[in-house]
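# Structural overview
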Amino acid sequence: MADEDIIKSPDTEREDRVPPGQKLTEKWPALHYGSVPKIDISKWEFAIFGLVEKERRLSYREFAALPQVKVFSDIHCVTGWSKLDNLWEGVASEQIRELVRILPEAKFVMVHSVGGFTTNLSLNDFFQPDVLFALKHNGEPLTREHGYPLRLVVPRLYFWKSAKWVTGVEFMAEDKRGFWESEGYHNHGDPWKEERYGG
Ligand SMILES: Nc1nc2c(c(=O)[nH]1)N[C@H]1C(S)=C(S)[C@@H](COP(=O)(O)O)O[C@H]1N2
Ligand SMILES: [Mo]
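Quick look at the structure, then. (Residues numbered from 1 in each chain as written. Chains lettered and ligands numbered in written order. Predicted model: local features only at pLDDT ≥ 70, side-chain atom pairs only at ≥ 80, totals over all residues. Heavy atoms only, no water.)

## Considerations on the pattern of salt bridges
Quick note on the threshold: A pairing counts as a salt bridge when a side-chain nitrogen of Lys or Arg comes within 4 Å of a carboxyl oxygen of Asp or Glu.
Applying the stated criterion across every chain, the model contains 10 salt bridges. Across the pair Asp-11 and Arg-14 runs a salt bridge, and its minimum N-O distance is 2.9 Å. As a salt-bridge pair, Arg-97 and Glu-94 come within 3.2 Å of each other at their nearest N and O atoms.

Next up, the structure:
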């Protein structure tokens with residue numbers, strides 16, 4: 001894949017890439033509720049369900065064989081750290097449209113992870129061209145603590161929307177708050193508007 005094929009998240013082209021109230025870090029902290037799950041890749045499945053014409057389940061082998069994209073993005077964690085210059089590789093959210101027919105009533109998604117973690121997005125936020133299900137970060141497969149085998153990456157929103165250990169996506173007519181969104185985090189989470197809590 002040539003460099004010009006890398007999708008640049010638009011926030012990486014701002015003159016000042018650090019949103020209000022954030023501090024840069026070189027390290028990559030690992031943050032999550034509960035413990036890092038042990039995942040048996042031979043049993044792992046990715047499910048596409050809810051408001052679709054026909055639900056679909058993909059094995060790891062099938063998922064990893066889907067067309068891949070590269071996305072360059074910044075990370076902004078609601079706890080105040082930002083990490084610039086991340087290169088993600090994986091499957092664009094857009095690719096889901098090739099796998100199922102989404103019913104017209106669907107307006108929101110819930111992304112599901114091992115252990116019951118969830119996060120919600122509008123269809124519009126989910127299908128932005130820089131959103132992907134990432135298998136690699138900076139050229140290396142994701143480590144277990146950062147979401148192996150698969151994590152969502154939503155570059156334009158706070159990083160809690162970037163669910164680790166993803167197992168599927170559910171299409172919904174009505175919005176429903178996910179895990180952190182029900183624990184007091186903002187429903188949307190735009191770092192440039194400091195949509196941190198409440199809302
Ligand atoms: N499955 C799962 N994904 C999750 C979380 C979680 O608790 N469970 N926490 C979120 C939060 S709050 C943050 S800040 C990022 C942290 O990702 P990192 O550990 O790779 O830095 O993961 C997000 N994804
Ligand atoms: Mo977070």
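## Observations regarding the site of ligand 1
The condition that has to hold: Here a residue is considered near a molecule or strand provided that any single heavy atom belonging to it is located within 4 Å of it. Pairs of N or O atoms within 3.5 Å make up the polar contacts considered here, provided that, within protein, one atom can donate a hydrogen while the other can accept it, and that residues adjacent in sequence are counted only when both atoms are side-chain atoms. Surface accessibility follows the Shrake-Rupley procedure with a 1.4 Å probe radius. Residue values consider only the protein chains on display as shielding. Cavity means a closed set of points on a 1 Å grid over the protein atoms alone, one where a 1.4 Å probe fits but cannot get out, pocket means an open set with protein on both sides within 12 Å along at least 5 of 7 lines, and lining means a residue has an atom within 4 Å of a point. Whether a molecule sits in a cavity or pocket is decided by its atoms, more than half of which must lie within 2 Å of the grid points. Any residue outside Ala, Val, Leu, Ile, Met, Phe, Trp, Tyr, Cys, Pro, Asp, Glu, Lys and Arg is labelled polar, Gly included; the first ten of those are nonpolar and the last four are charged.
Lining the immediate surroundings of ligand 1 are 19 residues, of which Pro-29, Tyr-33, His-146, Arg-151 and Lys-164 lie closest. Within the backbone of Tyr-33, an N or O atom sits 2.8 Å from an oxygen atom of ligand 1. Within the side chain of His-146, one N or O atom sits 2.6 Å away from an oxygen atom of ligand 1. Protein chains bury 98% of the 540 Å² of accessible surface belonging to ligand 1 in isolation. Placement of ligand 1 is best described as lying within the largest pocket. In the shell around ligand 1, the residues fall into 13 nonpolar, 4 polar and 2 charged.

## What about the sheet that holds strand 8 (residues 118-122)?
Quick note on the threshold: DSSP calls a pair of strands paired once it identifies at least 2 bridges connecting them. A run of H or I in DSSP counts as a helix once it spans at least four residues, and a run of E counts as a strand once it spans at least two, with each numbered from the N terminus. Think of each axis as a best-fit line through the C-alpha atoms, taken over the contacting stretch in the case of a helix, with angles from 0 to 180 degrees between the N-to-C directions.
Strands sit in the order 4-3-12-7-8 across an open sheet of 5 strands; the sheet is mixed. Single-partner strands in this sheet number two, and they are strand 4 (56-59) and strand 8. Each adjacent strand pair in this sheet contributes to an overall mean axis angle of 15°, direction not counted. When strand 3 (residues 45-50) meets strand 12 (residues 166-172), the two strands line up parallel, connected through 4 bridges.

## Points about the side chain of His-76
Put simply, the test is: The classification of residues rests on relative accessible area computed with a 1.4 Å probe and restricted to protein chains. Under 20% of the type maximum is buried, over 50% is exposed, and intermediate values are partly exposed. Residue contacts are counted whenever heavy atoms from the two residues lie within 4.5 Å of one another.
Mapped onto the secondary structure, His-76 falls in strand 5 (residues 69-76). Owing to a relative accessible area of 1%, His-76 belongs among the buried residues under this scheme. At 2.8 Å, the side chain of His-76 forms a polar contact with the side chain of Ser-82. What His-76 contacts, discounting residues up to four positions off in sequence, is Arg-17, Pro-19, Gln-22, Trp-81, Ser-82, Tyr-158, Phe-159, Pro-191 and Trp-192.

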